[in-house]
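Notes for the structure review
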Amino acid sequence: MSRLQVVSGKGGTGKTTVAAALALALATEGKRTLLVEVEGRQGIAQLFETEALPYEERKIAVAPGGGEVYALAIDPELALLDYLQMFYKLGGAGRALKKLGAIDFATTVAPGLRDVLLTGKACEAVRRKDKSGRFAYDYVVMDAPPTGRITRFLNVNDEVAGLAKIGPIHNQAQAVMRVLKSPETAVHLVTLLEEMPVQETADGIAELHAARLPVGRVIVNMVRPEVLDPAELELVRTVPRSSVARALSAAGLGGARRGGNAERLVDPLLEQAAEYAERYALEQEQRAVLGELGLPLDELPLLAEGMDLAGLYELATELREQGMS
Amino acid sequence: MSPDPAKAQDTAPQQESARPHLSPARVLDIDPLLDDPKTRIVVCCGSGGVGKTTTAAALGLRAAERGRKVVVLTIDPARRLAQSMGIDSLDNVPRRVKGTDGGGELHAMMLDMKRTFDEVVEAHADPERAAAILANPFYQSLSAGFAGTQEYMAMEKLGQLRARDEWDLIVVDTPPSRSALDFLDAPKRLGSFLDGRLIRLLTAPAKLGGRAGMAFLNVGMSMMTGTLGKLLGGQLLKDVQTFVAAMDTTFGGFRTRADATYKLLQAPGTAFLVVAAPERDALREAAYFVERLAEEDMPLVGLVLNRVHGSGAGRLSAEGALAAAENLDEPRIVDQGGGKAGLRNSPDTYGSSEPPASATPAPDDGSPAATDDGSPAADPERSVDQLTAGLLRLHADRMQLLSREQRTRDRFTARHPEVAVVEVPALPGDVHDLTGLRDIGHRLAAGRTELS
């Protein structure tokens, strides 16, 4: 089981939710996980219903069986100042650099540096050990940038090594790449059963493979429950309206005769079933595409009541049951 | 014990359609906006995954078919949509879209960020200098996709299209940013960086003739470049300096252009549409966006709410549907065991407006298969019962979804009652051709009548 679990996915597929559920799942039974956010969106804080996370590791949840989830929102500016302080004792000069816009430059515009700082911080947490020599965290889960940017984000080596051929940034990038390209890391992609996210997932996997980054699993999120099975969908197309009306009437919904309450329900209900059938067919198509990727697939259900803290624990249990942790 | 379905139904609102009514007073009317010759730019913004690109394309098509000469700038369209519009070849210039109706024209393009950046450089530097910039590794990395570059280039392209003045309406899709606000901030940030103090500092030694120039710098500055050198490695710093020196002449241009585009966004001919779906995160982001646009004096015309669900059977509540489904789940033999006066015979006992039960073929009478062997699969009526129970459960899901969407929207409306809203019903599949876009356009424009 890789100790750095990177979760990416197309925008809107719920990658933050999946990352958080995975952190919870991995923490179950006395383990300790760190959930890392790199895009400054404070999505973790919203999900766990806490105040905005500072640039500091703090406990945000307790997993079933006594495990703990810590969270960290990595701020690239602060990470850089940290880094300057650590290696150059540049506390005061760091502030001067900030004033000049150099920090802004390094973290916003200078290619790849921001990504090195973000992945570097996550890798540092992966390798960190306490006094007794135990790893500080059993697992680090990263809520990473979306699929379209994930390979470039993780492939800091190419980005930065080309620019900084020597020097500490270069060394840092090398150290980070050693972790990211090893079996210590697994990159998971979150998708929905819709055409665009599935396409993007397939593209993302190809890019990750090409960059020799370790691809983990594909997690299909927000899967709707099967309400009508294929046999019933077949029947929807052939069933006489009058028999449905009679069944509705028998169920206590009014008269089955033309214009009766039950009869008037038939058309809208069949229409909803037809929409369901169309979507079901599209979803099956996308499932088949995902199946051809040759990666382990996990499915997480769409939570009927919307996403909240309780739902997060539910998803964590699902992930455990599907063997993801 | 299941609740009495009849009772549950009685308490449900007695409206024929379940399209929930929006509480805000204003409904966004799309056609007058598109038809008004004074509308020159429509910007579609919002968080990722809410159908921004599709909305932009549908608005563009509708405006064109209503007679305007339109160009749609998309950032990251679905492959099949791009193919069907003929804009999947990345040449960074608008192409006429074939197959539109009416007297107008639709042109569309997909943004090529790197190419746009190259064009800016080429436009502002002499050929020799431009070549030096384009070959610089720092520039290559910056232009190939740095956070913020895409936003900057989208705005740059918008400025270019506007300057060409060949179209009377430009519809812009915004990049799938990590936050919806990025596209407002990034251009400014990049603009001010490229024109900033740091750049001037880095440029200074090069201007003064390389290392000799260092002597003129004060201690603070040399410490600074020294530190950067240590941090980034000497090679990188040199690349930066070369890049900066080569770019020097174009900086003024960058800043001016960023400012001009920003002003263009505030101009009266510009209309912002915030796009969202009736989901918590998307609407929260939309609310931030509404507030931010107000702060920046950018003209918001309304909210497009995509993927709104409705039901033609809204008078049957979720509870009522589930209770009825439960009734159907019980094999008939159980009912009969409980006596013919059981719940399943209730149609004749409730609903005074209903025809007498005798006029309805009584399903409980003489259904031999159910009493025979109790094998439900073999019994066609039994499978109709099961199917009907499934239809009712599907309906219950739909009604629950509806009320969840309604709650989410109410929260937005409470925060921003002043924002006009148009809703677009959810479609079961994706849109990938002009017919689909036309349909969306129609739904966008029809939002008004459906609601009133």
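All of the points below concern the structure found in this document.

Definitions and limits used
Residues numbered from 1 in each chain as written. Chains lettered and ligands numbered in written order. Predicted model: local features only at pLDDT ≥ 70, side-chain atom pairs only at ≥ 80, totals over all residues. Heavy atoms only, no water. Axes fitted to C-alpha atoms, helices over the stretch in contact; angles between N-to-C directions. Helix = DSSP H or I, 4+ residues; strand = E, 2+ residues; numbered from the N terminus. Parallel < 35°, antiparallel > 145°, perpendicular 65-115°, else oblique. Left-handed = near helix turned anticlockwise from the far one by under 90°. Contact = heavy atoms within 4.5 Å. Nonpolar A, V, L, I, M, F, W, Y, C, P; charged D, E, K, R; others polar. Pairing = 2+ DSSP bridges. Phe/Tyr/Trp six-rings, centres within 6.5 Å; stacked < 30°, edge-to-face > 60°. Buried < 20%, exposed > 50% of the residue type's maximum accessible area, 1.4 Å probe, protein only. Lys NZ or Arg CZ within 6 Å of the ring centre and 35° of its normal.

Residues and elements named next belong to chain B. Contact geometry for helix H5 (residues 113-124) and helix H8 (residues 149-164): axes closest at 9 Å, N-to-C directions at 60°. Looking at the two axes, H5 sits oblique to H8. The two elements H5 and H8 meet at a crossing, and its hand is left-handed. In this structure, H5 contributes Met113, Thr116, Phe117, Glu119 and Val120 to the contact, and H8 contributes Thr149, Gln150, Met153, Glu156, Lys157 and Gln160. In the contact of H5 with H8, the residues fall into four nonpolar, four polar and three charged.

For the rest of this paragraph, the subject is the sheet that holds strand S8 (residues 297-301) of chain A. Residues and elements named next belong to chain A. Here eight strands make up an open sheet; going across it, the order is S3-S4-S2-S5-S1-S6-S7-S8 and the pairing mixed. Sheet topology places strand S3 (58-62) and S8 at the edges, where each strand pairs with a single neighbour. Each adjacent strand pair in this sheet contributes to an overall mean axis angle of 25°, direction not counted.

On to the packing of aromatic side chains, then. Each pair of aromatic rings is reported with the distance of its centres and the angle of its planes. Residue and element names in this part refer to chain A. Tallying each qualifying case throughout the model produces two aromatic pairs over all chains. Ring centres of tyrosine 70 and tyrosine 137 lie 5.8 Å apart, and the angle between their planes is 70°; on these two criteria the pair is classed as edge-to-face. Here tyrosine 137 lies in the loop between helix H6 (113-127) and strand S5 (139-143) and tyrosine 70 lies in strand S4 (residues 68-73), a separation of 67 residues in the sequence. With respect to class, tyrosine 70 is no different from tyrosine 137; both count as buried. Between the NZ or CZ atom of arginine 3 and the centre of the ring of phenylalanine 135, over which it lies, the distance is 3.5 Å. One Lys or Arg, lysine 129, reaches over the ring of phenylalanine 135 and ends 5.0 Å from the middle of that ring.

This next bit is on the sheet that holds strand S6 (residues 270-276) of chain B. Residue and element names in this part refer to chain B. Taken together, the eight strands give an open sheet; going across it, the order is S3-S4-S2-S5-S1-S6-S7-S8, and neighbouring strands pair in mixed fashion. Looking at strand neighbours, the two that pair on one side only are strand S3 (95-96) and strand S8 (421-425), the edges of this open sheet. Across the sheet, H8 touches strand S1 (41-45), strand S2 (69-74), strand S4 (105-110) and strand S5 (169-173), and the angle it forms with S2 is around 165°. Lying over the sheet, helix H13 (residues 280-295) contacts S1, S6 and strand S7 (300-308), oriented at roughly 160° with respect to S6.

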